[in-house]
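Survey of secondary and tertiary structure
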Amino acid sequence: MISLKHLVKTYHGHGAPVHAVCDVSLDVAEGRIYGVIGASGAGKSTLIRCVNLLERPDAGEVWVNGRDLLTLTDAELRQARRQIGMIFQHFNLLSTRSVFDNVALPLELAGLSRSDIVARVQPLLALTGLEARANHYPAQLSGGQKQRVAIARALASEPKVLLCDEATSALDPETTRSILALLRDINEKLGLTILLITHEMDVIKTLCDEVALMEDGAVVERGPVQAFFARPQSATAKRFVQAALERPLPETILSRLQSAPAAGLDPLVRITYVGGQVDAPVLSHLSREFGVDVNILSSQIELIQHQPLGFMVAQVEAQDQPAAETALAWLQQQELQVEVLGYVSR
Amino acid sequence: MSAAKLDLLTSSLWETLYMVAVSGGLGALLGIPLGILLYTTKPGRMLQNHWLHRLLGIVINATRSVPFIILLVAIIPFTRWIVGTSIGTTAAIVPLTLGAIPFVARITEGALNEVPGGLIEAAQAMGATPWQIVRKVLLAEAMPGLIHGLTLMLITLIGYSAMAGAIGGGGLGDLGIRYGYQRFDSSMMISTVVILIVLVQLVQSLGDWLVRRYDHTRH
């Protein structure tokens, strides 16, 4: 549905040129929810703005709905844009228009009659839970309600694709959840393809099917959300996943952490397990077979795409160093991801 | 106050209203499009044209820097060419309009500048044409600021119109000068000033009321 090919966008301002997007290719299949995550300045905002040519890339192709937008005339591009809805971090509602008239705007622009507009807008207000607010003005609404108006407006011209530019970044956590639920709902009800950018891993975790991680204008990692969380490859991805999912270890343990094994020190391991492995009693087996004590320091389970994903940090207390190594070797043979974080004294 | 003086006051009031209304209307009619052009030709905007933008800016600034009393007499040939005479109330409308146009253009540009860029992007993303963006987004959103500015323009024109007497334009200001100042008729002076104060108050109140009607940002 969306296919970006070798996009390049460089800004020439004062000083050195800024390579906002360097050779990014990205495919979003119909009906999928694709998230692009990255720190601010990673180029994700420029990338999403290239999809409806609010920003014109210097090189590359932008295919949406089977057409390369860069080859279209101005008039054709305007037509194509009506098939691409967009919502923004700061909502961008017209303050002088009521909720109803804001949602009606794209239809007015397309030249629909008033009766057709009413027939289209009413169900959208119902879908987004705004029926009671039709005659309110944006200044009278909360942030979440404003984003609902923006979503209804984006859907008015019945687009195939919805672009979300940091759509929940200005909202509190609870409102964010309700907006994400609404996006999921319209994705399922209308079969809408969604491309979103965010710096919040929670958005990726709760909403997306696929994810791409951007850093310095390039995609450094991509794939299904499950795999991204369970087996991040790049250092940046690991940092993002850890920051999003794991509670940091207490300072009292971190300060005692040594990088090399030594007598009197126990290995501290992080175990990541996915899906069915959650149920396997690996640790009690380890304890029974190898005569080690396992001291669990932290443990948690997250649901990602309806699949459990577990993280655990444990201190493996064995009689001596060789015994600890044997136990670890067995652990690493299991279908788990085991990482030795370091060594701590008891 | 005698009936003759009362007649003078009412006819002068009508002259002022006529001059201000017609020049204000024409000033808005010509100044607003000029302001839109000024806004849209700025580099980075939809009709960006660096030279046109610079040229408009220079012409507008030049017109605005000429003191009105000088403009009034300096353009007499132009006035005669437009309305066929250089003396009288109708003749005064030409310089008043010419003074109002650049004023309105700057006010319009300023009001449009206040519209957040995100709204224009949102409209572009919806597939709006440049003209639709101007009409449905820019002008609509700038309406409160525009009305506020036009109110200011009308009040300035009421002030300018007092100088119209220099070319026989009549009006309340002229009456005040000729009777109140030159003939030491204090009652006439006070009357014209009071009427002008009331007139300005009315215009300002009407403007404020209209701004409140269009402005939905404060609740």
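It should be emphasised that the depicted structure is a prediction, and the values quoted were computed from it without experimental measurement.

Concerning the overall build of chain A
For chain A, the count of helices and strands is twelve helices and 14 strands. Each of the 346 residues in chain A was classed as buried or not, and the buried ones make up 51%. The contacts in chain A between residues at least 6 apart in sequence include a share of 70% that link residues at least 24 apart. Looking at chain A as shown, the accessible area adds up to about 15,500 Å², and 49% of this sits on carbon and sulfur atoms. Taken as two groups, the 31 positive and 39 negative side-chain charges of chain A have centres that lie 7 Å from each other.

Brief notes about the side chain of Arg49(A)
With respect to the secondary-structure elements, Arg49(A) resides in helix 1 (residues 44–51). If sequence neighbours within four positions are ignored, Arg49(A) has contacts with Leu54(A), Glu55(A), Met86(A), Asp165(A) and Glu121(B).

Structural notes on the interface of chain B and chain A
At the junction of the two partners, chain B supplies 21 residues and chain A supplies 23 residues. Of all residues in chain B, Met126(B), Lys136(B) and His216(B) bury the most surface against chain A, accounting for 30% of the area lost on that side. Counting across the interface, chain B meets chain A through two salt bridges. Listing elements by their share of the side of chain B that touches chain A, those giving two or more residues are helix 6 (117–125) and helix 7 (130–161) of chain B. If you tally residues by element for the side of chain B that touches chain A, the top one is helix 7 of chain B, at seven residues. Across the side of chain B that touches chain A, the residue classes tally to ten nonpolar, eight polar and three charged.

Points about the UniProt feature "transmembrane region" (unreviewed entry) in chain B
All names here are of chain B. Here the UniProt-annotated "transmembrane region" (unreviewed entry) positions come out as residues 16–39, 51–76, 82–105, 145–168 and 188–211. Between the first and last C-alpha atoms of residues 82–105 the distance is 22 Å; the span itself is 79% helix and 0% strand. The distance separating the terminal C-alpha atoms of residues 188–211 is 35 Å; by composition the span is 100% helix and 0% strand.

Brief notes about the layout of surface pockets
In this model, the largest pocket occupies a volume close to 710 Å³. Every residue lining the largest pocket is counted, 22 residues in all, and those nearest its centre are Leu54(A), Arg81(A), Arg45(B), Met46(B) and Gln124(B). Its residues assigned to classes, the lining of the largest pocket shows ten nonpolar, five polar and seven charged.

Remarks on the packing of aromatic side chains
The final tally for this structure, using the stated rule, is four aromatic pairs over all chains. Between Phe228(A) and Phe229(A) the ring centres are 5.9 Å apart and the planes differ by 85 degrees, which places this aromatic pair in the edge-to-face class. Taken individually, Phe228(A) and Phe229(A) each receive the classification buried, so the pair is uniform in this respect. We note Arg45(B) situated over the ring of Tyr39(B); from NZ or CZ to the ring centre the distance is 3.9 Å. Sitting over the face of the ring of Tyr179(B), Arg183(B) holds its NZ or CZ atom 4.1 Å from the ring centroid.

A short note on the UniProt feature "domain: ABC transmembrane type-1" (unreviewed entry) in chain B
Residues annotated in UniProt with the feature "domain: ABC transmembrane type-1" (unreviewed entry) correspond here to residues 13–207 of chain B. Spanning residues 13–207 of chain B, this segment combines 81% helix with 0% strand, and its end C-alpha atoms are found 20 Å apart.

Overview of the sheet that holds strand 14 (residues 337–345) of chain A
Residue and element names in this part refer to chain A. Read from one edge to the other, the open sheet built from four strands follows the order 12-13-11-14, with strand pairing classed as antiparallel. Taken across any chain shown, the strands that pair with only one partner, and hence form the sheet edges, are strand 12 (293–304) and strand 14. Strand-to-strand twist in this sheet, taken as the mean axis angle between neighbours without regard to direction, amounts to 15 degrees. Judged from the seven bridges that link them, strand 11 (residues 265–274) and strand 13 (residues 307–317) form a sheet pairing that is antiparallel. Residue Leu-268 lies in a different strand from strand 13, and its bridge partner there is Gln-315.

Topic: the nonpolar core
The nonpolar side chains of soluble globular proteins are, as a tendency, buried together. All names here are of chain A. Core analysis: the largest hydrophobic core is formed by 76 residues, its most contacted members being Leu-26, Leu-47, Leu-69, Leu-163 and Leu-195. Residues within four places of Leu-69 in sequence aside, it is in contact with Val-51, Asn-52, Leu-53, Val-62, Val-64, Leu-77, Ala-80 and Ile-84. One finds Ile-117, Leu-182, Phe-240 and Leu-309 within the second-largest nonpolar core, a separate group that totals 55 residues.

Focus: the side chain of Thr198(A)
The residue Thr198(A) is located in strand 8 (residues 193–198) in this model. The contacts of Thr198(A), once residues within four sequence positions are left out, are Val36(A), Ile37(A), Gly38(A), Lys44(A), Glu166(A), Val203(A) and Ile204(A).

The rules behind these values
Residues numbered from 1 in each chain as written. Chains lettered and ligands numbered in written order. Predicted model: local features only at pLDDT ≥ 70, side-chain atom pairs only at ≥ 80, totals over all residues. Heavy atoms only, no water. Helix = DSSP H or I, 4+ residues; strand = E, 2+ residues; numbered from the N terminus. Buried < 20%, exposed > 50% of the residue type's maximum accessible area, 1.4 Å probe, protein only. Contact = heavy atoms within 4.5 Å. Areas by Shrake-Rupley, 256 points an atom, 1.4 Å probe, with all protein chains shown as cover. Lys, Arg positive; Asp, Glu negative; His and termini not counted. Charge placed at Lys NZ, Arg CZ, Asp CG, Glu CD. Buried area = accessible area lost by both parts, 1.4 Å probe. Salt bridge = Lys/Arg side-chain N within 4 Å of Asp/Glu carboxyl O. Nonpolar A, V, L, I, M, F, W, Y, C, P; charged D, E, K, R; others polar. UniProt positions renumbered as here; feature names shortened; annotations may be inferred. 1 Å grid on protein atoms, 1.4 Å probe; cavity = no way out; pocket = protein on both sides within 12 Å on 5 of 7 lines; lining within 4 Å. Points joined across faces, edges and corners; volume = space filled by probe spheres on them. Phe/Tyr/Trp six-rings, centres within 6.5 Å; stacked < 30°, edge-to-face > 60°. Lys NZ or Arg CZ within 6 Å of the ring centre and 35° of its normal. Pairing = 2+ DSSP bridges. Axes fitted to C-alpha atoms, helices over the stretch in contact; angles between N-to-C directions. Core = buried A, V, L, I, M, F, W, Y, C linked by side-chain atoms within 4.5 Å.

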